[in-house]
Amino acid sequence: MTDTIKFFLDGAEVEAHPGETIWQVANRNGTEIPHLCYSPKPGYRPDGNCRACMVEIEGERVLAASCIRKPAPGMKVNSASERAESSRRLVFELLAADQPDRIVAHDPDSRFWNWAERVEVTDSRFPALARPSKVADFSHPAMAVQLDACIHCTLCVRACREVQVNDVIGMAARGHLEKIVFDFDDPMGGSTCVACGECVQACPTGALMPATQVDEAGIFANAPDRKVDSVCPYCGVGCQLTYEIKDDRIVAVEGRDGPSNRNRLCVKGRFGFDYVHHADRLTVPLVRREGVSKHDVDIDPLNPWTHFREASWEEALDRAAGGLKRIRDERGGGALAGFGSAKGSNEEAYLFQKLVRTGFGTNNVDHCTRLCHASSVAALMEGVGSAAVSAPFMAAEDADVIVVIGANPTENHPVAATFFKNAVKRGARLVVMDPRGTVLMRHATDMLQFKPGRDVAMLNAMLHTIIEEELYDRQYVQAHTEEFEALVANVRDYPPEKMAEICGIPAEKLREVARLYARAEAAIIFWGMGVSQHIHGTDNARCLIALSLVTGQVGRPGTGLHPLRGQNNVQGASDAGLIPMFFPDYKPVDSPEVRAFYEDLWGAPLDPKRGLTVVEIMDAVHEGDIRGMYIMGENPAMSDPDVSHAREALAMLEHLVVQDIFLTETAKYADVVLPASAWPEKDGTVTNTNRQVQMGRRALPLPGKARQDLDLIVEIAKRLGLDWTYAHPREVFAEMTKAMPSLANITWERVARESSVTYPVASPDEPGADIVFTEGFPTPSGRARFVPAKLVAPAEEPDADYPMVLSTGRQLEHWHTGSMTRRASVLDDLEPEAVAYLSARDLERHGFRSGEKIRVATRRGSIELKARVDGAIPPGLIFIPFAYAEAAANILTNPQLDPFGKIPEFKYCAARLEHAYEPAREAAE
Ligand code: SF4
C-alpha cells in the first residue's frame with residue numbers, strides 16, 4: 001500500500017496513511033479505543049492477543065482487533081457499537097477475575113485498571129484462576145515481579161526481545177500454566193537482565209514495577225505527586241525522561257519520546273537517581289582548617305569536619321575568589337587554571353571558560369573531553385573542519401553496514417546500542433572491531449578481535465584493499481576531497497597480507513570487511529574511547545575518516561562518522577569553549593581576528609597563547625608554574641592517568657577551589673569547597689552526541705545551603721572584578737548564540753518548547769540538520785582532507801617484568817569516576833566492588849580463582865581488587881573499570897600523550913598480576 005485510503009469510522013469518513021491500523025487512525029482522530037497488549041510507542045509490534053481493542057466491521061461475522069487490523073477502502077468500522085463495547089467489557093471482566101482487587105493492586109493506577117474503570121468493569125462474575133502459590137519475585141534491587149497481575153499480553157517480551165534486544169524475558173509452559181520467565185525461569189535478580197526497565201515501562205498491569213513503588217508486601221506505594229520532564233544526566237546519548245516525584249524525592253523515572261531514545265532508557269537513566277538524596281551530599285560551604293595538611297586526605301566523607309570547617313557563603317566565596325585573585329595579581333593569569341565540567345549545562349560550561357579567560361586572564365581551561373575524545377576532535381577538525389558527528393546514531397536505521405570500533409555501546413551508550421541491535425534484526429551487517437569481546441559481539445555479523453593497540457595496522461590494511469581493488473568512490477574523492485595521493489602513497493606500505501600478523505586479523509578477513517564497507521549502499525562508523533585513548537588516537541581517527549571519505553560513505557542517509565561521546569554534555573561543553581586551544585565553536589585562540597571578535601564581545605583582553613591541557617596542567621603544578629585552580633564538577637584525583645602524580649599536584653597547589661555535590665577524591669585536597677547543584681536541581685541545556693540541544697529542568701530543591709553552579713561561577717567572577725549580572729541560564733544562552741554561530745536560530749525558548757533542537761539549523765521554524773556534509777565540508781577549501789597515518793607502537797609494551805596489557809574503561813552500572821553512580825543504591829547493589837576482568841587462561845596460569853582478591857601492578861603503582869573471569873577477554877589482557885576509589889585504576893595507567901589530541905593512553909600499558917597482600921603469606925616469605 002503506497003497511498004492513503006478512505007474508510008468510515010463510527011459513521012465519519014477518515015483517511016488512513018499507508019501501513020496504519022484502525023486503532024492508529026482512530027487515535028489520530030481522537031477516538032479512544034481500549035488497549036492492553038498494544039503499545040503505541042515507537043518500536044512495539046502490535047500482537048493483537050488481548051482483544052481489548054475489538055471493533056465491529058460491517059459485513060464481517062466476527063469482531064476485529066483494531067490494533068492489528070488495517071482498514072480497507074470504504075470499510076465501515078464501528079468502535080462504539082453495543083457488540084464491540086460488550087465484547088471489550090467481557091475481556092476486561094475475564095482479566096479482572098484473575099487480578100488482585102484494585103484496592104490491593106500492585107499498581108491501582110495501571111493502564112489495565114484505568115481502562116477497566118472506563119469500560120465500567122470493577123469486579124468479575126467469573127471465578128479466579130487457581131494460581132501457583134509463589135508469584136512474587138523481589139530478587140532484583142530495581143524491579144518487583146508479581147505475576148499474579150500478569151495478563152500474558154507479552155508486551156514485556158517484546159520490550160525485552162524486540163525493542164531493547166536483550167533477550168532475557170520469554171514465555172514458558174502451556175495453557176493456564178503459561179507464564180513469563182527470565183532466562184531459564186531464573187529469579188529476575190539472578191538472570192542476565194541488564195535492568196533497562198523497558199519491561200516495567202511497558203507492563204500494563206503492575207506485574208512488573210519499579211521496586212521503589214511497592215512496599216515489602218508488594219503493595220503499591222509512593223504515588224508521585226508531580227512529574228517533571230528533563231534529560232538523563234549520564235551518558236552522551238541524552239535520553240529524555242520524566243522524573244516522578246513525591247515529597248521532593250524522585251520515586252520513579254519514565255522514558256520520554258526524545259529523538260535519541262524514543263522512550264527507552266538504560267539502568268542508569270531509569271534507576272540511578274537516588275544519589276541526589278544521598279547523605280554524602282555537600283550542604284554547607286567548607287574551608288580547610290588551619291594547619292591541616294593537604295597531603296593527608298584520608299577523610300571520612302560523612303565526617304569531613306576534622307579537615308574542614310563549616311563556613312558562611314560570604315566567607316567561603318571571599319576565600320575562594322581571594323586566593324585565585326592573589327595568585328593572578330602576583331604571578332599573572334598563567335599561574336591559574338580551571339577544569340570545567342561535561343556533567344553540567346552548556347550555560348555553566350560557557351560561563352566557566354569565560355571566567356577563566358576574562359577573570360583569570362589565561363586559556364588554561366579544559367575538561368574531561370581531553371580524557372575521552374580529544375584525539376577524535378583533533379582528527380575531525382583537520383580532516384573535515386568540524387568536531388561533531390556527521391550523523392546521529394539513529395542513522396544506523398538506514399545503514400546496510402554498521403561498523404562499531406573501540407566502543408562498548410551496550411555498556412557505555414546502552415540506548416544507542418538498542419538501535420544498532422534493531423538494525424541487525426532488520427538485516428543490516430554489524431561489524432564489531434575491538435580487542436576485547438563485548439556484548440555487541442553476540443549481535444555482530446563480523447567480529448574483528450584485533451591485537452590491542454594495533455588499530456592503525458588493521459585500518460590501513462582496509463584502506464589499502466579499497467584503493468588497490470579500486471573500490472573507492474572516484475567521483476566523490478575528486479569532487480570533495482584533497483590530498484588523496486598522499487593517502488594512496490601511504491597505504492601502499494600496508495597490504496593486508498603484511499598487516500595480518502601485526503593486527504592479528506587474517507588478511508582475507510581484512511579484505512572481506514573492506515569490500516563489505518566500500519560496496520555498501522550506506523555504511524556508517526561509530527567509534528569510542530578504544531580508538532581515541534591511545535598515543536596514536538588521532539591516527540586511529542584519521543584512518544576512520546579516510547575510510548568514509550574514500551568510499552563516499554558520508555553526507556547521505558545511513559552513512560557517516562560518529563564518535564560516541566561519553567558524558568552527557570561533553571559535546572556541549574566542548575562547543576562552548578571549555579578547551580584550552582579554542583574559544584567557543586572551536587575558534588582558535590591564536591588567531592588575531594578571532595581573538596578580536598571575542599575581546600569585543602566579552603569586553604576584556606584575551607590571552608593570545610594556547611592554554612595547557614588537563615595532564616599538562618598537572619605537570620605544570622609539579623613544575624611550580626601553576627599555583628591555583630578552580631575545579632567545577634571534575635574529579636582529576638580519579639580520572640587523570642597516573643593518578644598518584646595528579647594527587648600530588650593537587651596537594652601542591654597553593655589554592656584549590658572545588659565546586660561539587662560530593663566531597664570527591666579531588667575535593668579532599670581543596671582549600672575551599674563550594675556545595676553545588678545536582679542535575680535534577682537545575683535548569684539548563686545540554687548537547688548530546690547527536691548534536692541535539694536539549695532542555696534539562698529543575699525538578700528538586702537544593703539540599704541545605706547548596707547553591708546553583710551558575711550562581712557560584714557568577715559570584716567568583718564578581719569577586720575577580722567582572723561586572724557580571726546573569727540571573728538565569730536563559731540570559732547566558734542568549735549570549736552564547738552571539739558567540740557561537742552553530743547555535744544560529746536556536747533560542748532558549750525554542751529548546752524549552754521543542755525539548756530538543758539539532759544544530760545546525762537553517763531557520764527558526766525548520767528542524768535542524770541531522771546529517772551534515774551533504775554538499776561539502778566546513779573547511780577553507782570546502783573539501784575534506786586525507787591525513788595519512790603511520791604505525792605507531794603503544795608507549796609502553798609488555799616485557800618480562802610486566803608481561804600483560806592493561807586497558808581501562810566503564811561498566812554499564814557505573815559512570816565516569818563513580819561519584820554519582822556509586823551513591824545510587826540500585827547501581828551500587830548491582831556492581832558493588834572493584835573487579836579486574838581476565839581470561840580463564842590467565843586466571844588459571846596464575847593460580848587464581850574468579851572472585852579471589854588479586855593485585856594488579858604497573859610501573860606506576862598497584863591496586864588490589866577481585867578477579868572476574870570473562871570469556872570475551874583474550875589471554876594477556878586485563879580490563880579494569882575506573883569508577884572505584886578503593887581500587888583506582890588510574891593509579892596504574894600511563895600518562896603518555898597523543899601529540900595532537902594530548903589524550904593519555906588509558907587503553908594500553910604494561911601490567912602484571914600478583915597475589916594480593918596477605919600478612920601471613922608475606923611473613924612466611
Ligand atoms: Fe542515560 Fe545514556 Fe542510559 Fe540514556 S543510555 S538512560 S542517556 S545513561
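Residues numbered from 1 in each chain as written. Predicted model: local features only at pLDDT ≥ 70, side-chain atom pairs only at ≥ 80, totals over all residues. Heavy atoms only, no water.

The chain appears in an unreviewed UniProt entry as Formate dehydrogenase subunit alpha from Propylenella binzhouense. In the Sequence similarities (unreviewed entry) part of its UniProt record, the chain is described as follows: "In the C-terminal section; belongs to the prokaryotic molybdopterin-containing oxidoreductase family." (UniProt positions renumbered as here; feature names shortened; annotations may be inferred.)

Any chance you could explain the overall build of the chain here in plain terms?
Looking only at helices and strands, the chain features 30 helices and 40 strands. Taken against the 2.2 N^0.38 rule, which gives 29 Å for 925 residues, the C-alpha radius of gyration of the chain at 29 Å falls within 12% of a compact globule. When the 925 residues of the chain are sorted by exposure, 63% land in the buried category. Put simply, 71% of the contacts in the chain that link residues at least 6 apart link residues at least 24 apart. With 101 positive and 129 negative side-chain charges, the chain shows a separation of 1 Å between the mean positions of the two kinds. (Helix = DSSP H or I, 4+ residues; strand = E, 2+ residues; numbered from the N terminus. Rg over C-alpha atoms; globule rule 2.2 N^0.38 Å. Buried < 20%, exposed > 50% of the residue type's maximum accessible area, 1.4 Å probe, protein only. Contact = heavy atoms within 4.5 Å. Lys, Arg positive; Asp, Glu negative; His and termini not counted. Charge placed at Lys NZ, Arg CZ, Asp CG, Glu CD.)

Explain a nonpolar patch on the surface to me, please; I cannot follow it from the model alone.
Nonpolar side chains collect at one region of the surface, where Ile103, Val104 and Ile219 lie side by side and expose about 290 Å² of accessible area between them. Residue placement: Val104 occurs in the loop between helix 2 (82-97) and helix 3 (111-118). (Patch = residues over 30% accessible without salt bridge, like charges linked within 9 Å, V, L, I, M, F, W, Y side chains within 5 Å. Areas by Shrake-Rupley, 256 points an atom, 1.4 Å probe, with all protein chains shown as cover. Salt bridge = Lys/Arg side-chain N within 4 Å of Asp/Glu carboxyl O.)

Please explain the packing of aromatic side chains as it appears in this structure.
Aromatic ring pairs are defined here through the distance separating the ring centres and the angle between the ring planes. On inspection of all chains with the given rule, the structure shows 22 aromatic pairs. With a centroid separation of 5.0 Å and 40 degrees between ring planes, the pair formed by Phe583 and Tyr598 is classed as tilted. Taken together, the residues Phe583 in strand 24 (residues 582-583) and Tyr598 in helix 21 (residues 592-602) connect sequence positions 15 residues apart. Per residue, the accessibility class of Phe583 equals that of Tyr598, and both read buried. Grouping aromatic residues by their ring pairs yields a cluster made of Tyr234, Tyr243, Phe273, Tyr275 and Trp815. Here Arg118 stacks its cationic end above the ring of Trp115, 4.3 Å away from the centre of that ring. Arg542 extends its terminal NZ or CZ atom over the ring of Phe900, reaching a point 4.1 Å from the ring centre. (Phe/Tyr/Trp six-rings, centres within 6.5 Å; stacked < 30°, edge-to-face > 60°. Lys NZ or Arg CZ within 6 Å of the ring centre and 35° of its normal.)

Explanation requested: the pairing of strand 3 (residues 54-57) in the structure shown.
For a regular strand, side chains alternate in direction, first toward one face of the sheet and then toward the other. Here two bridges tie strand 3 to strand 4 (residues 64-65), and the two strands are oriented antiparallel to one another. Looking at strand 4, one finds that Val55 is bridged to Ala64. Counting the residues in the hairpin turn of strand 3 and strand 4 gives six residues, including Gly59, whose phi is positive at 90 degrees. (Pairing = 2+ DSSP bridges.)

Would you mind going over the environment of Thr779 with me for this structure?
Relative to the helices and strands, Thr779 resides in the loop between strand 31 (756-758) and strand 32 (784-785). Each C-alpha atom, one on Thr779 and one on Glu382, is 8.6 Å from the other, the two residues being 397 residues apart in sequence. Every residue in contact with Thr779, bar those within four places of it in the chain, is listed here: Val384 and Gly385.

Help me out: how do you make sense of the UniProt feature "domain: 4Fe-4S Mo/W bis-MGD-type" (unreviewed entry) in the chain in this one?
With numbering aligned to this structure, UniProt lists the feature "domain: 4Fe-4S Mo/W bis-MGD-type" (unreviewed entry) at residues 225-280. As a span, residues 225-280 carries 9% helix and 36% strand, and end to end its C-alpha atoms are 26 Å apart.

Could you clarify how one ought to interpret the environment of Ala800 in this entry?
Relative to the elements of secondary structure, Ala800 occurs in the loop between strand 32 and strand 33 (804-809). Accessibility expressed as a relative area gives 77% for Ala800, which makes it exposed. As a C-alpha pair, Ala800 and Arg912 span 112 residues in sequence and 9.5 Å in three-dimensional space.

Mind showing me how you'd approach the pattern of salt bridges here?
Two side chains of opposite charge can pair, provided their charged atoms sit close to one another. Across all of its chains, the model carries 62 salt bridges by this definition. A salt bridge links Glu797 to Arg454; the nearest nitrogen and oxygen atoms lie 2.9 Å apart. Here the residue Glu797 occupies a position in the loop between strand 32 and strand 33, and Arg454 occupies one in the loop between strand 20 (446-448) and helix 13 (455-468), the gap between them amounting to 343 residues. Each of the salt bridges in this network shares a partner with another, and the network as a whole consists of Glu468, Glu469, Glu497, Glu508, Arg511 and Arg515.

How should the sheet that holds strand 13 (residues 249-255) be read in this particular structure?
Strand order in the open sheet made by the three strands is 11-12-13, with antiparallel pairing throughout. Taken across any chain shown, the strands that pair with only one partner, and hence form the sheet edges, are strand 11 (226-231) and strand 13. For this sheet the average axis-to-axis angle between neighbouring strands, irrespective of direction, equals 30 degrees. Here strand 12 (residues 240-246) runs beside strand 13; their pairing, made up of six bridges, is antiparallel. (Axes fitted to C-alpha atoms, helices over the stretch in contact; angles between N-to-C directions.)

It is not clear to me how the packing of helix 21 against helix 26 (residues 729-739) should be interpreted in this structure. Could you clarify?
When two helices pack together, their arrangement is captured by the angle between the axes and the distance separating the axes. Interaxial distance between helix 21 and helix 26 falls to 11 Å at its minimum, and their mutual angle equals 155 degrees. In terms of their interaxial angle, helix 21 and helix 26 are classed as roughly antiparallel. The handedness of the crossing between helix 21 and helix 26 comes out as right-handed. Along its contact with helix 21, which presents Phe597, Tyr598, Leu601 and Trp602, the element helix 26 presents Glu735, Lys738 and Ala739. Split by residue class, the contact of helix 21 with helix 26 holds five nonpolar, no polar and two charged. (Parallel < 35°, antiparallel > 145°, perpendicular 65-115°, else oblique. Left-handed = near helix turned anticlockwise from the far one by under 90°. Nonpolar A, V, L, I, M, F, W, Y, C, P; charged D, E, K, R; others polar.)

Help me understand the layout of surface pockets in this model?
Where empty space is left in the structure can be found by rolling a water-sized probe over the atoms. Here the largest pocket is characterised by a volume of approximately 1000 Å³. Lining the largest pocket are 44 residues; nearest its centre among them are Pro210, Gln213, Glu244, Ala252 and Glu254. Those elements that place two or more of their residues in the lining of the largest pocket are helix 3, helix 5 (198-202), strand 10 (208-210), strand 12, strand 13, helix 6 (267-271) and helix 28 (825-830). Of all the elements, strand 13 adds the most residues to the lining of the largest pocket, at six residues. (1 Å grid on protein atoms, 1.4 Å probe; cavity = no way out; pocket = protein on both sides within 12 Å on 5 of 7 lines; lining within 4 Å. Points joined across faces, edges and corners; volume = space filled by probe spheres on them.)

What's the story with helix 12 (residues 414-426) in this structure? I'm lost.
Because each turn of an α-helix spans 3.6 residues, side chains separated by three or four positions in sequence point in the same direction. For helix 12, spanning 13 residues, the distance from its first C-alpha to its last is 19 Å, which sits close to the expected 18 Å at 1.5 Å a residue. Most of helix 12 is tucked away, with ten of its 13 residues classed as buried. Along helix 12, the residues classified as buried are Pro414, Val415, Ala416, Ala417, Thr418, Phe419, Phe420, Lys421, Asn422 and Ala423. Residues of helix 12 that are buried sit in contact with helix 4 (155-163), helix 6, strand 18 (401-405), helix 11 (409-412) and strand 22 (523-527). (Expected span 1.5 Å × (residues − 1).)

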